[in-house]
Amino acid sequence: MDSKSDKRIRTRRKVRDFKKNLPLLGMALPGMVFLFLFSYLPMGGIVLAFKNLTFGRKTFFENFMKSDWVGLKNFQYLFSSPDCLLIIRNTLLYNLAFIILGTCLSIFIAIALNELLSKRLSKFYQNVILLPYFLSWVVFSYLFYAFLSIDHGILNRSILPLFGTQPIAWYSEPKYWPGFIVFANLLKYTGYNSVVYLAALTGIDQELYEVAALDGAGKWDQIRHITIPLLMNVVIIMTIFSIGRIFSSDFGLFYQLPMQSGQLIGVTNTIDTYVYRGLINNGDFAISTATGMMQSVVGFGLVLITNAVVRKIDKEKAMF
Amino acid sequence: MKKRSILRFIGLCMAGVMALVSLNGCGGTVSQSGETGSGMASSEGMGNKTDSSGGGTLEPYTINWYMPSSGEPADIDKINAKATEMLKDLNITLNLNFIDWGSYEQKMQNSIASNEKVDLMWTSSWLANVYDYTRQGAFLDISDLAPKYAPDMAATLKGEFWDGTVLNGGHYAVPVNKEKSAQKGWLFNKKMIDEYGLDVSKVKSAEDITPLLEKIKAADPTLTPVEMTSGNSIPAQQWPIVNNYCVLLPNDDAYTLYIDNPEWQSLVKLMRQWYQAGYIKQDAVTNTDYTAEEKAGRIFMVETTLKPGKAEEYSGSIGVDFVQVPYTPTYISTADMFGSMNAIPASCENPERVLMFMNRLYSDKALVNLLVYGIEGTHYTKVSDNIIDFAAGTDDGAKSGYNPGDNWMVGDQFLDYLLKSEDPEKWDKFKAFNDEGVAVRDFGFVFDASAVKNELAACENVRAAYENAIQFGAVDPDTAIPEYRNKLMEAGVQKVIDETNRQYAEFKSSK
């Protein structure tokens, strides 16, 4: 009897909650449908990673199902290469640099913007730093080219002569490029990320600051003891998401920005550009699927591990 | 507590958005397909019993033909309607589709992968790769069907075009009947020749050009007179290269690595000299587009593949006069046979009917010219029997409702009318040029890359790092070539060479 009524109450509560949250759920619906259609449905295609796709049968489905199984052969491609370690190193190290520097810089900018007294100025700066996010890498590559071109570039033409330095062939000197690539990535994404943190900052109760000020905390103390701890949740979520993509790379950044200069390949070749260069001539769906799958599986594993670590330290802050 | 959950909610929302964006961003491999195909595939009847000789009426059949172009012409419906009218005796409805150059590759891959209704598609060795489609079983072998259903086509292509396009032992794609010989050479800027008093008649090899460049550079030090792009650099052009790495030199019996060729090495050294002397742009490696400088008349030489009238054609498109100077004899290579073809996909419902249509492309002058130049009076006007001009008000074809530039993609090019601006003897010269050509020793040999896919992919990455820089003279060849060679060896190029020689031996013994 008791448990039955308990159950009923629970069900009723669930229905009530559902009704209460209906508007929110409604808002989430298009996103869910989108997610299902474009992220879950195509997952069936993972089968391709283990097949040698051939065509010529009556229907698409038949092509898909009746192609020969080749086991892990499609994965060999990446690991049999002598450049394997280099491209994995490049991908991982660049991503680590992006995550660490990007997060620090975004938080710094978000806090700085938040502390600005003039709201109008704050909005203005916010827009200015967000702008690069909407430029494609192709546009970026030409902006950089305008600076770095050997004979017409602003650096070689106007800036280096001021210091009496000889012109530098930027596109054939690999040593400068890790810097350029990290810089370009920060330029493009910092604005966007700092908006995320800014949104979180505006949610912090102003009373906390007022109380702290009464207790004699200066600006720096307030930031250290109120702002940053309260931001940690968002930071952790964002970081876990970035770690999920640590094995993937931003193709445009690594392919377009160096203008595909061969001499820079040692420092700009990542897993994605490697696969692209290797397969550009034969459009092998199966190998690219295998690579994509490997990147996702490793990323997924890392997300689980990171989350577990966060959980160990502070259960409240973990994502799931 | 409440604040906390709000914070969490905002965070989750943002994270969700990010995830969506990123997932969407890497959706490149997701095919955007399955809109049309199935509806047509289920149409019953198939019409397999149809016969070209049988006098009975043929069932209606729609042919979807795909070709790349710079966009869909405005009057495409009129052309399709008119062609359908011309094909009434075959009861064929033509549905010609032009896909943008940039998206043709991807679009066709997706169409074939998803079994859309494609009855005929343009393919080649350099775009929409015919070797790969064939290897993946996407095309139909028409060896047996062609003589029966397309006798005129088979007769027109007899010889090198037919024998040289055998893949996997069959005919999977049909070449367009056009120039088949090739000759490497240079285009020289006529104005500079006159202005600086240069004598190009004595130019027989790249070395002979050095003094000319010297003169130009002395007269105007701001010029970088040599154009270098990855496909058209001087060292890259001298020998037909198989799978990007193997070359069969005149005195060898087996393929060798192209960078081991002493002549290639000496050319590379010459390029280094040119580069250091400032004849080649300092940023040649990243500079891929010389059009603006060509148009400004600041380029002296362009490396290219020649054919009769190439200089006139080029001058016309750039607006600066060039003259052509060949440096190799005329030869017929396998790769040139695969330059422009049309293939019937294996999923085609009724290949016999498509072949009957293709037959007309090699015999029906009116139909070919309709597909190439459009409708008389609307898109072009006749000047004389075989010579035409763009219709008035079309701005020499630029504003025409139909000017897809597909003359080299449709059937028999020798059936095309000639434009007023072209050499009236163009086709005779083409024919003479074709007759002059001598087939290369490995003519007909096509490399199948499937056994060394991994090695080739690794080599491609090495090549991307070194080839242009070396061939453009941007790096010191004495250190760069050995380095390049080592890296290629590490990537497994020896296996590629061995496989090439194995396949070549097989090819020779089967002949």
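An account of the accompanying structure is given in this report. Because the structure is a prediction, the values reported are computed rather than measured. (Residues numbered from 1 in each chain as written. Chains lettered and ligands numbered in written order. Predicted model: local features only at pLDDT ≥ 70, side-chain atom pairs only at ≥ 80, totals over all residues. Heavy atoms only, no water.)

Turning our eyes to something else, we now look at the overall build of chain B. What chain B contains, in helices and strands, is 21 helices and 16 strands. A separation of at least 24 residues holds for 77% of the contacts in chain B among residues at least 6 apart in sequence. As displayed, chain B has an accessible area near 21,800 Å², and 51% of this comes from carbon and sulfur atoms. (Helix = DSSP H or I, 4+ residues; strand = E, 2+ residues; numbered from the N terminus. Contact = heavy atoms within 4.5 Å. Areas by Shrake-Rupley, 256 points an atom, 1.4 Å probe, with all protein chains shown as cover.)

The number of helices and strands found in chain A is 15 helices and 2 strands. Relative to the globule expectation of 20 Å for 320 residues, the C-alpha radius of gyration of chain A, 25 Å, shows a markedly less compact shape. Overall, the C-alpha framework of chain A stretches about 75 × 65 × 35 Å when taken along its three principal axes. With 320 residues in all, chain A has 41% of them scored as buried. Sequence-distant contacts in chain A: of pairs separated by 6 or more residues, those separated by 24 or more amount to 65%. Just so you have it, chain A exposes about 18,200 Å², and 69% of that area is on carbon and sulfur atoms. The averaged location of the 19 negative side-chain charges in chain A is 8 Å from the averaged location of its 30 positive side-chain charges. (Rg over C-alpha atoms; globule rule 2.2 N^0.38 Å. Buried < 20%, exposed > 50% of the residue type's maximum accessible area, 1.4 Å probe, protein only. Lys, Arg positive; Asp, Glu negative; His and termini not counted. Charge placed at Lys NZ, Arg CZ, Asp CG, Glu CD.)

Before going further, it helps to examine the interface of chain B and chain A. Counting residues at the interface gives 51 residues for chain B and 60 residues for chain A. Summed over both sides, the interface of chain B with chain A buries roughly 4,800 Å², with 59% coming from carbon and sulfur. At the boundary of chain B with chain A, the tally comes to 0 salt bridges. Here chain B is connected to chain A by 6 residue pairs in polar contact (both at pLDDT 80 or more). Taken together, the elements giving at least two residues each to the side of chain B that touches chain A come down to α1 (2-25), α4 (101-113), α5 (130-135) and α19 (453-471) of chain B. For the side of chain B that touches chain A, the leading source of residues is α1(B), giving 17 residues. Partitioned by chemical class, the residues of the side of chain B that touches chain A number 25 nonpolar, 16 polar and 10 charged. (Buried area = accessible area lost by both parts, 1.4 Å probe. Salt bridge = Lys/Arg side-chain N within 4 Å of Asp/Glu carboxyl O. Polar contact = N/O pair within 3.5 Å; in protein donor to acceptor, adjacent residues only side chain to side chain. Nonpolar A, V, L, I, M, F, W, Y, C, P; charged D, E, K, R; others polar.)

This part is about the pattern of salt bridges. Residues and elements named next belong to chain B. This structure, assessed with the given rule, holds 26 salt bridges over all chains. Here D75 and K78 are joined by a salt bridge, their closest N and O atoms 3.9 Å apart. With a shortest N-O distance of 3.3 Å, E160 and K180 are connected by a salt bridge. Here E160 is found in helix α8 (residues 160-163), whereas its partner K180 is found in the loop between β4 (174-175) and β5 (183-189), with 20 residues between them in sequence. Given a relative accessible area of 25%, E160 falls into the partly exposed group.

With the rule as written, the count across this model stands at 50 aromatic pairs over all chains. Judged by centre distance (5.7 Å) and plane angle (65°), the rings of A:W170 and A:F180 are edge-to-face. Here A:W170, found in the loop between α8 (154-159) and α9 (177-202), pairs with A:F180, found in helix α9; they are 10 residues apart in sequence, far enough to count as distant. Owing to a relative accessible area of 7%, A:W170 belongs among the buried residues under this scheme. Between B:W101 and B:W122, the ring centres sit 6.4 Å apart and the planes meet at 85°, which makes this aromatic pair edge-to-face. Separated by 21 residues along the polypeptide, B:W101 in helix α4 and B:W122 in strand β3 (residues 120-123) bring together distant segments of the chain. The exposure class of B:W122 is buried, given its relative accessible area of 0%. (Phe/Tyr/Trp six-rings, centres within 6.5 Å; stacked < 30°, edge-to-face > 60°.)

Note on helix geometry: an α-helix contains 3.6 residues per turn, so any two residues three or four positions apart are oriented the same way. Residue and element names in this part refer to chain B. Among the 9 residues in helix α17 (residues 365-373), 7 count as buried, and that is most of the element. Turning to α17, its buried residues number three or more, namely L367, V368, N369, L370, L371, V372 and Y373. One side-chain oxygen of the residue at the start of α17 lies 3.2 Å from the amide nitrogen of A366, identifying that residue as D364. At the exit of α17 stands G374, carrying a positive phi of roughly 95°.

What follows is about the side chain of B:T123. Residues and elements named next belong to chain B. With respect to the helices and strands, T123 occurs in strand β3. T123 sits in the buried class, given a relative accessible area of 0%. Looking at T123, its side chain comes within polar contact range of the main-chain oxygen of A128, at 2.6 Å. At a separation of 3.4 Å, a polar atom in the side chain of T123 contacts the main-chain amide nitrogen of V130.

Residue and element names in this part refer to chain B. With respect to the secondary-structure elements, Y279 resides in the loop between α12 (262-277) and α13 (291-295). Classification of Y279 by relative accessible area gives buried; the value is 7%. The spacing of Y279 and T222 is 57 residues in sequence and 9.9 Å in space, taken between C-alpha atoms. In this structure, Y279 is in contact with T210, L213, E214, K217, T224, P225, V226 and W274, ignoring residues within four places of it in sequence.

This part is about unusual backbone geometry. Residues and elements named next belong to chain A. Although it is not a glycine, M259 sits at a positive phi angle of roughly 55°. Mapped onto the secondary structure, M259 falls in the loop between α12 (251-255) and α13 (265-268). Classification of M259 as buried rests on a relative accessible area of 12%. In this structure, Q260 takes a positive phi of about 55° despite not being glycine. With respect to the helices and strands, the residue Q260 is situated in the loop between α12 and α13.

On to the environment of A:F144, then. Residues and elements named next belong to chain A. Assignment of secondary structure puts F144 in helix α7 (residues 137-148). Distance in space between the C-alpha atoms of F144 and F180 is 9.1 Å, their sequence separation being 36 residues. When near neighbours in sequence (up to four residues on either side) are disregarded, F144 contacts Y171, F180, F183, A184 and L257.

With that out of the way, let us pick up the packing of helix α14 (residues 271-279) of chain A against helix α15 (residues 285-313) of chain A. Helix packing for two helices is described by the angle between their axes and how far apart those axes are. Residues and elements named next belong to chain A. In the contact formed by α14 and α15, the axes pass within 11 Å of each other and the chain directions differ by 175°. One way to sum up the angle between α14 and α15 is to call them roughly antiparallel. The segment α14 lies against α15, with I271, D272, V275 and L279 engaging I287, S288, T291 and Q295. (Axes fitted to C-alpha atoms, helices over the stretch in contact; angles between N-to-C directions. Parallel < 35°, antiparallel > 145°, perpendicular 65-115°, else oblique.)

Moving on to the nonpolar core. Of all hydrophobic cores here, the largest spans 98 residues; its most connected members are B:F188, B:Y245, B:W274 and B:F300. Ignoring any residue separated from it by four or fewer positions in sequence, one finds B:Y245 in contact with B:T256, B:L257, B:Y258, B:L456, B:C459, B:E460, B:R463, B:Y484, B:L488 and B:V493. Listed in part, the 81 residues of the second largest apolar core include A:F55, B:L87, B:W162 and B:V372. (Core = buried A, V, L, I, M, F, W, Y, C linked by side-chain atoms within 4.5 Å.)

As a further point, take the side chain of B:N115. Mapping B:N115 onto the fold places it in the loop between α4 and β3. For B:N115, a relative accessible area of 11% corresponds to the buried category. There is a polar contact of 2.8 Å between the side chain of B:N115 and the side chain of A:N63.

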